[in-house]
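Each chain, letter by letter, is given below.
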Amino acid sequence: ETGVTQSPTHLIKTRGQQVTLRCSSQSGHNTVSWYQQALGQGPQFIFQYYREEENGRGNFPPRFSGLQFPNYSSELNVNALELDDSALYLCASSLGPSGKNEQFFGPGTRLTVL
Amino acid sequence: GQQLNQSPQSMFIQEGEDVSMNCTSSSIFNTWLWYKQDPGEGPVLLIALYKAGELTSNGRLTAQFGITRKDSFLNISASIPSDVGIYFCAGQINKGAQKLVFGQGTRLTINP
């Protein structure tokens, strides 16, 4: 059974650019959540997708957007990058959006904005 | 937004010592979880707590869900070198999205 995978591993962008991060959920999982983890901090919830629809959103501006595909993989898009967007972006998948379903995290994508 | 206060921020202990860390919140959570994150990895779930007052063990780890649903602690007994890492508490409301609210983390360093 393959776990949650994310690509790319590392990425360097400049201010104002746009970025797309990708996540493949664990086999059988239909729910994907994205988190932003700044250096030295805990992860912060960005949004969740369930069966290709956004199922909840944290306190992030609209330039953070996402997609979920029919195979339940997901993308996180960030437009007009700012220096503060530099962080580790984590994707987590689960069997469903119920609170009793464990979220399994991928290794993350380290984004650096210069 | 919601925040969990986790303490201590860091711990330096000798191998074999017991460890205790805790987490408090101004908000009520229906579920408390404890994760461990190693360098270059995502967080891995250690223990999940679903009922106020619940005490749960996982090997050398023990965690409790506070009776007010606003706090939790994690104990590690007889620490070993592979316990090194960053430990996070997380709360979940279980309504709507499966949103986890994380603490700031406790960095555990073990001297052999």
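Scroll up a little and you will see the structure.
Thresholds, definitions, all that
Residues numbered from 1 in each chain as written. Chains lettered and ligands numbered in written order. Predicted model: local features only at pLDDT ≥ 70, side-chain atom pairs only at ≥ 80, totals over all residues. Heavy atoms only, no water. Disulfide = S-S within 2.5 Å. Helix = DSSP H or I, 4+ residues; strand = E, 2+ residues; numbered from the N terminus. Buried < 20%, exposed > 50% of the residue type's maximum accessible area, 1.4 Å probe, protein only. Pairing = 2+ DSSP bridges. Axes fitted to C-alpha atoms, helices over the stretch in contact; angles between N-to-C directions. Contact = heavy atoms within 4.5 Å. Buried area = accessible area lost by both parts, 1.4 Å probe. Salt bridge = Lys/Arg side-chain N within 4 Å of Asp/Glu carboxyl O. Nonpolar A, V, L, I, M, F, W, Y, C, P; charged D, E, K, R; others polar. Phe/Tyr/Trp six-rings, centres within 6.5 Å; stacked < 30°, edge-to-face > 60°. Lys NZ or Arg CZ within 6 Å of the ring centre and 35° of its normal.

Glancing now at the state of the cysteines. Among covalent bonds in proteins, the disulfide is the one between the sulfur atoms of two cysteines. Scanning the model with the defined rule gives two disulfides over all chains in all. Each sulfur in the disulfide pair A:Cys23 and A:Cys91 lies 1.7 Å from the other. Across the S-S bond of A:Cys23 and A:Cys91 the torsion is about -50°, and the bridge reads as left-handed. Highlighted residues: A:Cys23 in strand β3 (residues 19-24) and A:Cys91 in strand β9 (residues 87-94), separated in sequence by 68 residues. Residue A:Cys23 shares its accessibility class with A:Cys91, and that shared class is buried. In this model, B:Cys23 is linked to B:Cys89 through a disulfide, with the two sulfur atoms separated by 1.7 Å. In this pair, B:Cys23 is assigned in strand β3 (residues 19-25) and B:Cys89 in strand β9 (residues 85-92), connecting sequence segments 66 residues apart. The same class applies to B:Cys23 as to B:Cys89, namely buried.

What follows deals with the sheet that holds strand β6 (residues 55-58) of chain B. Residues and elements named next belong to chain B. A sheet is described by the order of its strands in space; here five strands give the open sequence β1-β3-β8-β7-β6, paired in antiparallel fashion. Pairing within the sheet leaves two strands with one partner each, and these edge strands are β1 (4-7) and β6. Mean inter-strand twist for the sheet, computed between neighbouring axes without regard to direction, equals 15°. Here six bridges tie β3 to strand β8 (residues 71-76), and the two strands are oriented antiparallel to one another. Bridge pairing in β8 places Ser20 opposite Asn75.

This part covers the interface of chain B and chain A. Counting residues at the interface gives 19 residues for chain B and 26 residues for chain A. When the two sides are added together, the surface that chain B and chain A hide from each other amounts to roughly 1,600 Å², 53% of it contributed by carbon and sulfur. Where chain B touches chain A, the interface holds zero salt bridges. Taken together, the residues that form the side of chain B that touches chain A break down as eight nonpolar, nine polar and two charged.

Moving on, we come to the packing of aromatic side chains. Per the counting criterion, the structure on display carries 10 aromatic pairs over all chains. For the ring pair B:Phe29 and B:Trp32, a centre distance of 5.7 Å and an interplane angle of 80° mean the geometry is edge-to-face. For the pair B:Phe29 and B:Trp32, a shared accessibility class is recorded, and that class is buried. Here B:Tyr35 and B:Phe102 contribute two aromatic rings whose centre-to-centre distance is 5.6 Å and whose plane-to-plane angle is 45°, an arrangement assigned as tilted. Of the two residues, B:Tyr35 sits in strand β4 (residues 31-37) while B:Phe102 sits in strand β10 (residues 100-102), which places them 67 residues apart along the sequence. By the burial criterion, B:Tyr35 is buried, and B:Phe102 matches it. Ring-pair connections join several aromatic residues into one group, and the members of that group are A:Tyr35, A:Phe45, A:Phe105, B:Tyr35, B:Phe88 and B:Phe102. The ring of B:Tyr50 has A:Lys100 sitting right over it, with the charged end atom 4.7 Å from the ring centre.

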